[in-house]
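The residues making up each chain are set out below.
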Amino acid sequence: MQRRDFLASLSLGGYGLLVFADDVPSTLAAAEATRDELRRALAKVAPPEAERRGSPREPHMALVDLTCDVFIAGGGMAGVCAAVAAARHGAKVVLVQDRSRLGGNASSEVKMHIVGANHHKGRPGWREGGLLEEFRLDDAVNNPQRCWEMWDLLLYDKCVSERNITLLLDTVLFAVDKEQDRIAGVYARCDKTEHLYHITSDIYLDCTGDSRLALEAGAEMRYGRESRSDFGEPLAPVTPDKETMGSSILFTSHKCEQPVAFKPPRWVRKITKEHLLKRSTNSWEYGYWWIEWGGQMNTIHDNERIRFELLSIVMGVWDYIKNSGNHPDSANWALDWVGMIPGKRESRRLIGDHVLTQFDLIDAGSKFDDSVCIGGWPMDDHPPGGFDRSDLPPTVMVKCPVYNIPLRSLYSRNVPNLMMAGRNISATHSAFSSTRVMATCAVIGQAAGTAAAVCALEGMLPRALYTDKDKLHQLQQALLRDDQSIVSLKNEDERDVARRAKVTASGAIDDAPAENVVNGFVRDIPKEYVNRWSAELGSEGAWLELDWAAPQTIRQVQLTFDSGFQRELTLSSSAGLNKGIIRAAQPETVRDYTLSYRATADGKWTELIKVTGNHQRLVRHEFDPIEAQALRLTITATNGDKLARVFEIRCYA
């Protein structure tokens with residue numbers, strides 16, 4: 001067999017691509033074929049002039065009909081992860097995003113760094129796995145310069161490189177067709193290209209944040225804060241209201257070689273020291289999340305007023321830094337970017353079969369039989385008045401353990417084929433104050449996208465997926481196979497023949513024996529080695545071997561390496577946050593390795609795979625079926641660590 005048959009982590013765009021020297025000609029040909037395929041796909045969404053047909057209501061707009069298995073509105077982190085997950089599980093996906101860039105608040109338009117269950121460095125070991133980890137690792141390697149536009153490009157690459165995804169940028173969903181209580185089709189328009197799309201699907205997924213798809217579909221939802229008596233939550237106000245957290249506009253700046261003056265616009269707010277008693281302005285390279293405003297208004301309908309007020313505060317704070325005399329060291333600092341899109345925290349939330357509450361997050365013993373992803377950021381509430389409430393701290397955090405989120409909070413209670421992911425899931429305001437952060441939204445998106453694909457391809461509705469416990473178990477096992485973290489759940493996949501193997505190794509450090517790679521768990525907290533194998537890399541590397549009593553048919557091997565979950569890993573413009581972040585391949589991750597197999601107990605070893613330059617945590621190798629009685633992983637180098645570290649090996653026929 002040619003080694004080119006075993007390219008690992010092949011991404012059609014260029015991220016995570018492992019290329020061997022003797023594969024360059026075929027790789028170039030494959031790249032050209034991929035470009036041609038993507039060009040042909042564009043004809044579906046932008047038909048040639050001769051094939052354009054006008055809409056009866058708008059004759060200058062070309063009407064385009066699209067069909068898919070899963071329709072997703074919203075291209076933030078939840079929508080992107082949902083789309084990639086659904087596509088990789090075999091569903092045809094149409095993803096509609098109302099802006100030219102993917103990522104939502106994590107894009108270059110807003111520049112908010114992604115945070116989640118590990119609470120920066122507060123809970124080491126609980127960085128999210130799955131698609132988000134794949135994206136973060138690619139970004140760390142391919143974007144050491146911390147360029148936000150490169151993150152935009154990475155997300156674009158992930159979507160257009162999936163053959164099952166049709167991506168519509170600059171396209172706004174605006175109407176829904178219904179048949180009885182179900183969505184029968186949606187309408188979206190791109191005025192930049194004068195296209196009007198009518199899209200039909202089996203499952204519809206609202207990742208818009210503002211729940212626009214759900215609004216048009218007539219889904220039950222809530223806005224604002226529940227009363228304390230509604231769910232008995234101590235963190236809820238005594239009386240309900242329509243107030244929310246506000247929105248923020250960030251800025252970035254840099255230090256120049258000479259002083260740079262700043263003259264504020266005439267319409268800026270005059271900021272004084274009294275405004276900042278509970279807000280620090282001692283660092284200037286990355287703006288302040290606490291420049292927040294608009295929670296006392298409607299964060300959807302009043303967006304223009306919120307934008308104006310936020311810009312007036314941003315300019316006023318920078319004027320204070322530069323011109324008040326209280327920060328003389330700022331003389332050489334200059335703005336280089338100011339956001340123009342308010343980074344929104346809160347608006348509508350849908351109601352599902354389960355409403356996640358404060359108690360679900362705080363009670364570490366709370367169990368859901370339909371857990372599909374994790375959260376763990378503290379319940380982090382902000383005063384609705386934001387910056388105008390200078391008498392209050394900008395946030396009040398209530399810590400909670402890492403918790404599971406159930407499938408029942410990810411589908412609509414009254415629209416059977418509607419699901420949701422992101423900040424609009426079924427939760428009270430108190431619970432939402434934790435689930436709203438983008439890493440949590442991303443893993444919610446992966447869970448919802450995977451579930452949507454299962455529903456579409458199995459011909460079932462989300463509620464039926466919950467009630468069918470066999471299918472629900474299969475969904476959870478599929479998520480675990482994709483490195484989705486779910487507290488207390490482990491690999492019980494009967495198709496994984498590695499679970500039946502005897503595991504040995506060239507050696508192991510204390511408390512990290514070889515058999516850990518088949519115990520079903522794929523993460524450890526710092527200073528623990530209960531779920532991974534680790535061994536010193538000798539002059540010839542270190543090896544791990546699976547042996548079976550009889551030969552096994554194998555066509556896929558899946559490896560889960562250590563990628564340094566004890567550290568923060570996110571893209572940020574904050575110098576302080578970047579301390580300790582490694583903008584390169586993570587040192588612990590296995591870089592170079594081979595997979596070999598032996599057909600019989602006493603047969604010779606045959607090299608199956610050889611990989612150099614890996615930086616990913618989860619790697620899958622697919623090949624023509626082999627009959628193997630033993631499989632050996634030989635690690636010859638990591639990306640810097642002296643130990644070989646493996647969490648799991650899976651083998652499938």
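Cut-off values and rules
Residues numbered from 1 in each chain as written. Predicted model: local features only at pLDDT ≥ 70, side-chain atom pairs only at ≥ 80, totals over all residues. Heavy atoms only, no water. Helix = DSSP H or I, 4+ residues; strand = E, 2+ residues; numbered from the N terminus. Rg over C-alpha atoms; globule rule 2.2 N^0.38 Å. Buried < 20%, exposed > 50% of the residue type's maximum accessible area, 1.4 Å probe, protein only. Contact = heavy atoms within 4.5 Å. Areas by Shrake-Rupley, 256 points an atom, 1.4 Å probe, with all protein chains shown as cover. Lys, Arg positive; Asp, Glu negative; His and termini not counted. Charge placed at Lys NZ, Arg CZ, Asp CG, Glu CD. Salt bridge = Lys/Arg side-chain N within 4 Å of Asp/Glu carboxyl O. Phe/Tyr/Trp six-rings, centres within 6.5 Å; stacked < 30°, edge-to-face > 60°. Lys NZ or Arg CZ within 6 Å of the ring centre and 35° of its normal. Pairing = 2+ DSSP bridges. Axes fitted to C-alpha atoms, helices over the stretch in contact; angles between N-to-C directions. Expected span 1.5 Å × (residues − 1). Disulfide = S-S within 2.5 Å. Parallel < 35°, antiparallel > 145°, perpendicular 65-115°, else oblique. Left-handed = near helix turned anticlockwise from the far one by under 90°. Nonpolar A, V, L, I, M, F, W, Y, C, P; charged D, E, K, R; others polar.

(A) Local environment of the overall build of the chain. Along the backbone of the chain there are 12 helices and 27 strands. Its C-alpha atoms give the chain a radius of gyration of 26 Å, within 12% of the compact-globule value 26 Å for 653 residues. Burial analysis of the chain (653 residues in total) assigns 59% to the buried set. Across the chain, every contact between residues at least 6 apart in sequence was considered, and the portion connecting residues at least 24 apart equals 75%. Put simply, the chain shows about 26,200 Å² of open surface, and 51% of that area lies on carbon and sulfur atoms. The centroid of the 78 positive side-chain charges in the chain is displaced by 3 Å from the centroid of its 87 negative side-chain charges.

(B) Structural view of the pattern of salt bridges. Counted according to the given criterion, the structure contains 49 salt bridges. With a shortest N-O distance of 3.0 Å, Asp 210 and Arg 423 are connected by a salt bridge. Within this pair, whereas Asp 210 is found in the loop between strand E8 (203-206) and helix H5 (212-217), its partner Arg 423 is found in the loop between strand E20 (418-420) and helix H9 (429-435), the two being separated by 213 residues in sequence. The two residues Asp 210 and Arg 423 agree in class, both being buried. One network of salt bridges, with partners in common, ties together Arg 88, Glu 134, Asp 138, Lys 158 and Glu 162.

(C) Looking closely at the packing of aromatic side chains. Inspection of the entire model under this criterion finds nine aromatic pairs. Between the aromatic rings of Phe 251 and Trp 318, the centroid separation amounts to 5.4 Å while the plane-to-plane angle is 65°, which identifies the pairing as edge-to-face. Separated by 67 residues along the polypeptide, Phe 251 in strand E11 (residues 251-255) and Trp 318 in helix H7 (residues 303-323) bring together distant segments of the chain. Side by side, Phe 251 and Trp 318 carry an identical accessibility label, which is buried. Centroid distance Trp 284 to Trp 333: 5.7 Å. Interplanar angle 75°. Geometry classified as edge-to-face. Residue Trp 284 is located in the loop between E11 and strand E12 (292-293), and its partner Trp 333 is located in strand E13 (residues 333-338); the two are separated by 49 residues in the primary sequence. Exposure remark for Trp 284: the relative accessible area of 10% places this residue in the buried category. Sitting over the ring of Phe 432, Arg 349 keeps its end group 5.7 Å from the ring centre. Of note, Lys 469 hangs over the ring of Tyr 466, and the distance from its end group to the ring centre comes to 3.5 Å.

(D) Examining the pairing of strand E6 (residues 182-190) more closely. Bridge count between strand E5 (residues 172-179) and E6: seven bridges; the pairing is antiparallel. Looking at E6, one finds that Val 176 is bridged to Val 186. Count of turn residues in the E5/E6 antiparallel hairpin: two residues, of which Gln 180 carries a positive phi of about 60°. Here E6 pairs with strand E7 (residues 195-200) via five bridges, running antiparallel. Paired with Arg 189 across the two strands is Leu 196, which belongs to E7. Here E6 folds back onto E7 in antiparallel fashion, the turn holding four residues, of which Glu 194 has a positive phi close to 60°.

(E) Representation of the sheet that holds E5 within the structure. Spatially, E1-E7-E6-E5 is the arrangement adopted by the four strands of the open sheet, whose pairing is mixed. Edge strands, defined here as strands with exactly one partner in the open sheet, are strand E1 (62-67) and E5. On average, adjacent strands in this sheet sit at an angle of 20° to one another, irrespective of strand direction.

(F) Representation of helix H3 (residues 130-142) within the structure. Helix length check: H3, at 13 residues, gives a terminal C-alpha distance of 19 Å against a target of 18 Å (1.5 Å per residue), a fit within 8%. Across the 13 residues that make up H3, a large majority, 11, are buried. When H3 is considered as a whole, its buried residues turn out to be Gly 130, Leu 131, Leu 132, Glu 133, Glu 134, Phe 135, Arg 136, Leu 137, Asp 138, Asp 139 and Ala 140. Those residues of H3 hidden inside the fold are in contact with helix H2 (77-88), helix H4 (148-160) and helix H10 (438-458).

(G) Region of the structure containing the state of the cysteines. Summed over all chains, the structure comprises zero disulfides. The thiol of Cys 256 is not disulfide-bonded; the next cysteine sulfur, from Cys 147, is found 19 Å away.

(H) A look at the sheet that holds E12. Taken together, the three strands give an open sheet; going across it, the order is E12-E10-E14, and neighbouring strands pair in antiparallel fashion. Looking at strand neighbours, the two that pair on one side only are E12 and strand E14 (343-344), the edges of this open sheet.

(I) Up close: the packing of H3 against H4. Two elements in contact, H3 and H4, have axes separated by 10 Å at closest approach and are oriented at 130°. Considering their axes alone, H3 and H4 lie oblique with respect to each other. Crossing hand, H3 versus H4: right-handed. Contacts between H3 and H4 involve Glu 134, Phe 135, Arg 136, Asp 138, Asp 139 and Asn 142 from the first element and Met 150, Trp 151, Leu 154, Leu 155 and Lys 158 from the second. Residues that form the contact of H3 with H4 fall into these classes: five nonpolar, one polar and five charged.

Honestly, that's just the spatial picture; any functional story needs more than this.
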